[in-house]
Amino acid sequence: QKEVEQNSGPLSVPEGAIASLNCTYSDRGSQSFFWYRQYSGKSPELIMFIYSNGDKEDGRFTAQLNKASQYVSLLIRDSQPSDSATYLCAAQVSGRGAQKLVFGQGTRLTINP
Amino acid sequence: EAGVAQSPRYKIIEKRQSVAFWCNPISGHATLYWYQQILGQGPKLLIQFQNNGVVDDSQLPKDRFSAERLKGVDSTLKIQPAKLEDSAVYLCASSPRAGRGYEQYFGPGTRLTVT
């Protein structure tokens, strides 16, 4: 069983709409959750992280965490064509001697002008 | 602040050959990670260093992959011999620490093609 699961998409959203990206995780010991954006041919870049239940807002981005349901989401308001990318969800889990990130397979998002 | 540096950016080799990748983390970052990202998948952790010690190499195929981090700074990842399934992007990342909430910063990656 995969530890972090995402719908691989593609998810297509019209410009200006809200894009909703979802992620579930299996390890209840996971403490923090990260959303990375990865443009084609580029490396992942951090958008935001969350470790408390509820919502966390940063500009047009809102991360939501529900530990009881083991569910994390990322909302992108007023979607722009430049938001078209693959979005990676990662859970921070206890590894052998240290914390490590486990990534989902990513959701490909396309914003249509 | 300079980011994570990696070289080479691209490498094409034949199967059974060897290859090495180099990473220089952000100055002062104690934790260094090597990931393998196969096309269409998320990054998979291969090995994690804390300073110059290995803290997690549970997913490193040790029969062919090796890594070291001398003096707690630069790191090299080697594959010998390479297989076709090793074709992937190899990402290096660093973070100030390995604790909760510490974000990882990724380098540009090395795209390896094994023919």
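Look up a bit, the structure's there.
Residues numbered from 1 in each chain as written. Chains lettered and ligands numbered in written order. Predicted model: local features only at pLDDT ≥ 70, side-chain atom pairs only at ≥ 80, totals over all residues. Heavy atoms only, no water.

**Focus on the overall build of chain B**
1) Next: Helix and strand counts for chain B stand at zero helices and eleven strands.
2) Next: When its helices and strands are written in sequence order, chain B yields β-β-β-β-β-β-β-β-β-β-β.
3) Next: Over its C-alpha atoms chain B spans a radius of gyration of 13 Å, differing by no more than 12% from the 13 Å that the globule rule assigns to 115 residues.
4) Next: For chain B, long-range pairs separated by at least 24 residues make up 54% of all intrachain contacts whose partners lie at least 6 apart in sequence. (Helix = DSSP H or I, 4+ residues; strand = E, 2+ residues; numbered from the N terminus. Rg over C-alpha atoms; globule rule 2.2 N^0.38 Å. Contact = heavy atoms within 4.5 Å.)

**What to know about the sheet that holds strand 3 (residues 19-25) of chain A**
Residues and elements named next belong to chain A.
1) Next: Spatially, five strands are ordered 1-3-8-7-6 in an open sheet, and the strand pairing comes out antiparallel. Each end of this open sheet is capped by a strand with a single partner; those strands are strand 1 (4-6) and strand 6 (54-58). Strand-to-strand twist in this sheet, taken as the mean axis angle between neighbours without regard to direction, amounts to 20 degrees.
2) Next: Sheet analysis places strand 1 next to strand 3, joined by three bridges and oriented antiparallel. (Pairing = 2+ DSSP bridges. Axes fitted to C-alpha atoms, helices over the stretch in contact; angles between N-to-C directions.)

**Side note on the layout of surface pockets**
1) Next: As a volume, the largest pocket reaches approximately 620 Å³.
2) Next: Breaking the lining of the largest pocket down by element, the ones donating at least two residues are strand 9 (85-94) and strand 11 (107-112) of chain A together with strand 9 (88-95) and strand 11 (110-114) of chain B.
3) Next: Ranked by the residues each element gives to the lining of the largest pocket, the list is headed by strand 11 of chain B, at four residues.
4) Next: Within this model, the second largest pocket holds a volume of roughly 390 Å³.
5) Next: If you trace the second largest pocket, you find 17 residues lining it, with Val102(A), Phe103(A), Gly42(B), Pro43(B) and Lys44(B) closest to the centre.
6) Next: Breaking the lining of the second largest pocket down by element, the ones donating at least two residues are strand 10 (99-103) of chain A together with strand 5 (44-50) of chain B.
7) Next: At four residues, strand 10 of chain A tops the list of elements feeding residues into the lining of the second largest pocket. (1 Å grid on protein atoms, 1.4 Å probe; cavity = no way out; pocket = protein on both sides within 12 Å on 5 of 7 lines; lining within 4 Å. Points joined across faces, edges and corners; volume = space filled by probe spheres on them.)

**A closer look at the side chain of Gln37(B)**
1) Next: By secondary structure assignment, the location of Gln37(B) is in strand 4 (residues 31-37).
2) Next: Assessed through its relative accessible area of 9%, Gln37(B) is described here as buried.
3) Next: Of note is the side chain of Gln37(B), whose polar atom sits 2.9 Å from the side chain of Gln38(A).
4) Next: In this structure Gln37(B) touches Gln38(A), Leu88(A), Gly42(B), Pro43(B), Ala88(B), Val89(B) and Leu91(B), once residues within four positions along its chain are discounted. (Buried < 20%, exposed > 50% of the residue type's maximum accessible area, 1.4 Å probe, protein only. Polar contact = N/O pair within 3.5 Å; in protein donor to acceptor, adjacent residues only side chain to side chain.)

**What to know about the interface of chain A and chain B**
1) Next: Contact residues are listed per partner, giving 23 residues for chain A and 25 residues for chain B.
2) Next: Summed over both sides, the interface between chain A and chain B buries roughly 1800 Å², with carbon and sulfur atoms accounting for 50% of that surface.
3) Next: Counting the contacts that link chain A with chain B gives one salt bridge.
4) Next: Here Asp56(B) and Lys100(A) are joined by a salt bridge, their closest N and O atoms 3.6 Å apart.
5) Next: Run the count over chain A and chain B and you get three residue pairs in polar contact (both at pLDDT 80 or more).
6) Next: Mapped onto the side of chain A that touches chain B, the elements with two or more residues apiece are strand 4 (32-38), strand 5 (45-50), strand 9 and strand 10 of chain A.
7) Next: When its residues are assigned to classes, the side of chain A that touches chain B shows ten nonpolar, eleven polar and two charged. (Buried area = accessible area lost by both parts, 1.4 Å probe. Salt bridge = Lys/Arg side-chain N within 4 Å of Asp/Glu carboxyl O. Nonpolar A, V, L, I, M, F, W, Y, C, P; charged D, E, K, R; others polar.)

**What about the nonpolar core?**
Across soluble globular proteins, you tend to see nonpolar side chains buried next to one another.
1) Next: The biggest cluster of nonpolar side chains holds 25 residues, and the ones touching the most others in it are Trp35(A), Val72(A), Leu74(A), Ile76(A) and Tyr87(A).
2) Next: Ranked by residue count, the leading element in this core is strand 9 of chain A, at five residues.
3) Next: Beyond its immediate chain neighbours, meaning those up to four positions away, Val72(A) contacts Leu21(A), Asn22(A), Cys23(A), Tyr25(A), Phe33(A), Trp35(A), Ile50(A), Gln64(A) and Leu65(A).
4) Next: In terms of nonpolar packing, the next biggest core, distinct from the first, is built from 21 residues, Cys23(B), Leu32(B), Ala88(B) and Leu112(B) among them. (Core = buried A, V, L, I, M, F, W, Y, C linked by side-chain atoms within 4.5 Å.)

**Observations concerning unusual backbone geometry**
1) Next: In this structure, Pro10(A) follows Gly9(A) across a cis peptide bond, with omega equal to 10 degrees.
2) Next: Here Pro10(A) lies in the loop between strand 1 and strand 2 (11-14).
3) Next: For the peptide bond that leads from Ser7(B) to Pro8(B), omega is -10 degrees, which places it in the cis range.
4) Next: Looking at where Pro8(B) falls in the secondary structure, it is placed in the loop between strand 1 (5-7) and strand 2 (10-13).
5) Next: Even without being glycine, Arg16(B) reaches a positive phi, approximately 80 degrees.
6) Next: Within the secondary structure layout, Arg16(B) lies in the loop between strand 2 and strand 3 (19-24).
7) Next: The phi dihedral of Asn51(B) falls on the positive side, at around 55 degrees, and the residue is not glycine.
8) Next: Looking at the secondary structure, you find Asn51(B) in the loop between strand 5 and strand 6 (53-56).

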